[in-house]
Amino acid sequence: MGVKRGNPEPREIRIDVGELVLDGFRVDPDRVSASFEHELTRLVREHGVPLAADGSLAVDGLTGLPPLPAGLSARRLGQELARAVHAGLSGSGEVTR
């Protein structure tokens, strides 16, 4: 017989990204967006959102995230952007509320 400790797993995690600004990249923004969404969904499913562990979290922006090389493919750029955003939601970078 197991006993659950702490807060139960959230039933829903919702992340709204208002805008991704891609200055200096020559890629299809729709492909970047699809790759970003897929990778961020995977990361949240596997690792959650540590900054929101105690309840809801509203973030206006994430800063201090690493720059990305301009020569990335749309798929790779989306993945790297998602990893940077998830890292920010995990406590890396500066969160503005």
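Rules behind the numbers
- Residues numbered from 1 in each chain as written.
- Predicted model: local features only at pLDDT ≥ 70, side-chain atom pairs only at ≥ 80, totals over all residues.
- Heavy atoms only, no water.
- Helix = DSSP H or I, 4+ residues; strand = E, 2+ residues; numbered from the N terminus.
- Buried < 20%, exposed > 50% of the residue type's maximum accessible area, 1.4 Å probe, protein only.
- Contact = heavy atoms within 4.5 Å.
- Areas by Shrake-Rupley, 256 points an atom, 1.4 Å probe, with all protein chains shown as cover.
- Patch = residues over 30% accessible without salt bridge, like charges linked within 9 Å, V, L, I, M, F, W, Y side chains within 5 Å.
- Salt bridge = Lys/Arg side-chain N within 4 Å of Asp/Glu carboxyl O.
- Expected span 1.5 Å × (residues − 1).

Novice: Now, about the overall build of the chain: what can you tell me, with residues and values included?
Specialist: Counting secondary structure elements, the chain contains two helices and two strands. Walking the chain from its N terminus toward its C terminus, one meets helices and strands in the order α-β-α-β. The buried share of the chain, reckoned over its 97 residues, is 24%. Excluding contacts between residues fewer than 6 apart, the proportion of contacts in the chain whose partners are at least 24 apart in sequence is 84%. Accessible surface for the chain amounts to roughly 7400 Å². Of this, 47% is attributable to carbon and sulfur atoms.

Novice: Which residues make up the environment of Phe-36, and what are the values?
Specialist: Relative to the helices and strands, Phe-36 resides in helix α1 (residues 29–47). By relative accessible area, which is 6% here, Phe-36 ends up buried. Each residue touching Phe-36, except ones within four places of it in the same chain, is listed here: Val-17, Leu-20, Gly-78, Leu-81, Ala-82 and Val-85.

Novice: Provide a residue-level description of a nonpolar patch on the surface, including the pertinent values.
Specialist: Taken together, the side chains of Ile-13, Ile-15, Val-17 and Leu-20 make up a nonpolar region of the molecular surface, amounting to roughly 270 Å² of accessible area. Positionally, Val-17 belongs in the segment before α1. Classification of Val-17 as partly exposed rests on a relative accessible area of 37%.

Novice: Break down helix α2 (residues 74–89) for me, with residues and values.
Specialist: Look at α2: 22 Å from first C-alpha to last across 16 residues, which is about the 22 Å you get at 1.5 Å a residue. The buried count for α2 comes to twelve of 16 residues, which makes it a mostly enclosed element. Along α2, the positions that sit buried rather than exposed are Ala-74, Leu-77, Gly-78, Gln-79, Glu-80, Leu-81, Ala-82, Ala-84, Val-85, His-86, Gly-88 and Leu-89. Immediately downstream of α2, the backbone of Gly-91 shows phi near 115°, a positive value.

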